[in-house]
Amino acid sequence: MSEALGRVVATERKPNTPHEFHFWTAIDSPVGIGTIVRVDGTNPVDGQIPHIYGIIVEGFSYTDLQSPMHDVLGHDGLPTTAGYAATERAEIRLYTAAVLRQMPEEPLQPVPMGQVFLAEEADVQVALRMDSYLREDSNTGIPIGVYRAGGTEAVIFLDADFLLGPEAAHLNITGVSGLATKTSAVEWLLASMFTHFPEEKGSIAAVCFNVKGPDLCYLDQPGKIEKSDEALYEKLGVEPKPFESVQYFAPYTAKGLALNTFRNNEALLDNVTPLTWGLREVLQFAEVLLNRDDIDAKADALIDFIVQNVVDKEFSDPILSKKHMVQSFADLDAWFRDVLQGMERKDGESWRTHHVATIRKVRNRLSNISTRCAGLVTDSGAVSDLPFGSFEDRTVYVVDVANLEEDAQDLIFARIVSKLREHLERRDLGVKHLIVFVDELNKYAPGDGPDTYVRKMLLDIAERGRYLGLVLFSAQQFRSQVHRRVVGNSGTSLFGRMDPDELSTPGYSVLSPATRTRLATLEKGQLMIRHPHFTQPIFVRFPRPAVMQGREGSERYPQASDVSLEAAILRALRPLDPTITLPWVQEITALYTQDEVLRARNATLLARPDNVKAYFASQFRKIIPAQAAPRPMAGSIKSAPENDPYGF
C-alpha cells in the first residue's frame, strides 16, 4: 500500500457531508484538480472498514496570516528580503473532493476522519463503478482514454450498454472549434468501439455526415501518430491503423460531371458512390424543401393525392389527353401540364376538389426541386443510394454534404435517417446497432427558432432511437444553444476545451470554479467525461486518431479541377475497369448528347457489371449514319441531226 498523502479534516465552516469532504496534504503532494483519491476510515461500519473514493474539485492554500499587511511588514516592505526572514511561515494545502463512491454503500453517512491515499488503478475501477461491467464473464467496457494523476495511469472504460443501448444511450461532444478535437474524439471512439464492442451483442456500423470541410474524407488513409500516441494505443488495446472498411457517398455537382465532394481525386474514387435520387425518393420528404408558410393544408392534400394515386401508377382521367405513368420529375411536369390544359378546355376552377390555384402553386414548388438540388435530384429518376438492407459489420458510411446548399443537406439528413429508422424497425438493415454522427448540432437542432423537419427527426432519435438500435453521436460548439431534449437524452457527454462565455451559462453551474477553469484551458487530446456510471466528471487523455487529417489529406490529394465530359467519364469508369482509355470514351460518346452520356455513366456505376465497356456501350441508342441519296444517272444525250442549225 502506498503512503498516505493527507488526512481528512472537518471544521465548523467546512464540515464533511456524504457527498463532499475536505483533506489537507503536504506542499509537495502529487495531487490536483481531477485527481481521484481514497479515504480509509478508522471505525468499522457493520463490521467493515469504510473506504470512500472522491475526486478533487477545488484546492486552497493557507498560511497563518490574517491579512496581506502582516506579510508586507514581516519583510520590511521589500519582497527581495523574504529570504532573510527569521522563520518561514507555515503553509498548508487544503483540497475539496466530491464523493464518487462509498464502500459499503449503505448506510450513507458523512465521510469519516481518516487517511487519504492516491487512488491506484484498481481503486479507479471501483471508484467509477467500472468493476460492474469489466467482469470476465460479461465485459462491456469500451476504452475511451487514460486517466493520469500522481504517477497513476488507469484506462477509463465506458459501458457499451449505456453508450449504445438498451440502457441510456447517445453521446454528445462540446468544445471550441479547432481546439476541442471533437472530430478526432469521434474517430478515436469509433475505432475503439469497432475493436472492443462484444461480438455477442451483434454487429455495429456507423453513418457519418461530413458537414464541414474535409474532416471525414480520409478515414481509410493512414495518418501520422507520435510515440506517445503509440503507447496510448497499446495501453488501450487498439491497433493504430485507419478504418479497414469505409464507403463514401456524395451527389454530383450541378453540371453532373464530377462528384461534389472533397474526395474527388482520381486516386480515391474506388470507394466513392454517387448519391442521386429521383421523384419517388424525394416526394415523400417534399415538406423538407417546401416553405411551410406557403404550403397549406390544401397543398398538402394535393401532394398526398399525387403520392398515393399518381406516382408509379397508370393514371387516367376524363380531362386528361392521355394516360400517364409518372416516374420522374419530367413525367410529373407533363402530368401537371396535361391537368391544367384539361381544366382550361373545360373552363373549370377545380379538379377533384383541388382548386386551380392550388394545383399551379404545388406544380411550381415541386418542379423546381430538381433545380434547387441539382446533382442530387435527377429529372430522369435515376437512383443511386446507400446500401439499405446490406449494411456491413464494422463499416463506416460517410455521406459528404459539406459543399451542398442547405436545402440539399436537409433533404439528405431527413431521407437517410428516416430510411435507417425504417429498416431498423423491421430489423433488416444488415446490422443490429447503428451510430449516426452529426456535427454542427447548433445548426440542425437549435434550442430556438422554427420547428424544422430535421430538428423533429433528431429529437425523435434522441428520445426513442436506442430502442431500435439507432444511436446519435452529436457534436457542437455551444451546448447551451442546442435543444435541451437532444443533449438531455445523451447518456454520455464529452467536453473538450470550452469557451469561457459558454462556461458562464447556467448549464455549467454544477461544476466547481476550478473545474470550469480547467475546462477552459484543456489541451488537444484531453476530454472531460460524464457517464451514467460516473457520479462526477472525469478527465482523460486519448490518442490521436490513426487516420489522415482533413488538411493533410486535401494537400496530398488535391481536388480535381473542372474537366471535360470525356475526361469525367474516364475518371468515373476507370476504377471499374483500368483498361478504359480516353480515346475509347471519345469514340463511344462522340455521337451523343451530354445528358445521354451522363445517363449511361450513372447506369454503369449503379450496375457495376463485369464487362464495363460492353455495358456502357449498350446504354446508348443505336444511331444509323445517314446514307447519301443515290445520284440519278445522267441520261445519254441524243446526237443532234446533221441539219440542225443549233447543233455543235
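Fair warning: this is a prediction, and the values are worked out from it, not measured in the lab. (Residues numbered from 1 in each chain as written. Predicted model: local features only at pLDDT ≥ 70, side-chain atom pairs only at ≥ 80, totals over all residues. Heavy atoms only, no water.)

### With respect to the packing of helix α9 (residues 329–346) against helix α10 (residues 356–367)
Applicable threshold: Lines fitted to C-alpha atoms define the axes, with helix axes restricted to the stretch in contact, and inter-axis angles between N-to-C directions lie between 0 and 180 degrees. Secondary structure is summarised from DSSP: a helix means a run of H or I of at least four residues, a strand means a run of E of at least two, and numbering begins at the N terminus for each. Angular relationships are summarised with four words: roughly parallel below 35 degrees, roughly antiparallel beyond 145, roughly perpendicular across 65 to 115, and oblique for the angles in between. Crossing chirality is assigned from the near helix's rotation relative to the far helix, an anticlockwise turn below a right angle marking it left-handed and a clockwise turn marking it right-handed. Contacts are assigned to residue pairs with any non-hydrogen atoms lying within 4.5 Å of each other.
Where α9 contacts α10, the two axes come as close as 11 Å, and the packing angle between them is 160°. Classified by the angle between their axes, α9 and α10 sit roughly antiparallel to one another. You can see that α9 and α10 cross each other, and the crossing is left-handed. Each of F329, L332, D333, F336, R337, V339, L340, M343 and E344 in α9 lies in contact with α10, whose residues at this interface are V356, I359, R360, V362, R363, L366 and S367.

### Notes on helix α4 (residues 182–196)
The condition is simple: Between the first and last residue of a helix there are one fewer steps than residues, each counted as 1.5 Å, and that sum is the expected span. A simple rule labels every residue: compare its accessible area, found with a 1.4 Å probe on the protein chains alone, to the largest value its type can have, and call it buried under 20%, exposed over 50%, or partly exposed in between.
The end-to-end C-alpha separation of α4 is 21 Å, in line with the 21 Å expected for 15 residues at 1.5 Å each. Summarising burial for α4: 13 of the 15 residues are buried, a large majority.

### So, the packing of aromatic side chains
Rules: Ring pairs are drawn from Phe, Tyr and Trp, using the six-membered ring of Trp, whenever the two centres fall within 6.5 Å, and their geometry is named by plane angle: stacked under 30 degrees, edge-to-face over 60, tilted for the rest. By definition, being over a ring means that NZ of Lys or CZ of Arg is both within 6 Å of the ring centre and within 35 degrees of the ring normal.
Following the criterion strictly, the structure yields 22 aromatic pairs and no others. Plain terms: the ring middles of W335 and F336 are 5.2 Å apart, the flat faces sit at 70° to each other, and that makes the pair edge-to-face. Relative accessible area serves as the criterion here: at 0%, F336 is assigned to the buried category. On the numbers, 5.2 Å between centres and 85° between planes, the contact of F616 with F620 is edge-to-face. Taking the relative accessible area as the measure of exposure, F616 reaches 0% and is therefore buried. The class of F620 is buried, set by a relative accessible area of 7%. Cluster of aromatic residues (ring-pair linked, three or more members): F305, F315, W335, F336 and W351. Positioned over the ring face of W277 is R415, at 4.8 Å from the centre of the ring.

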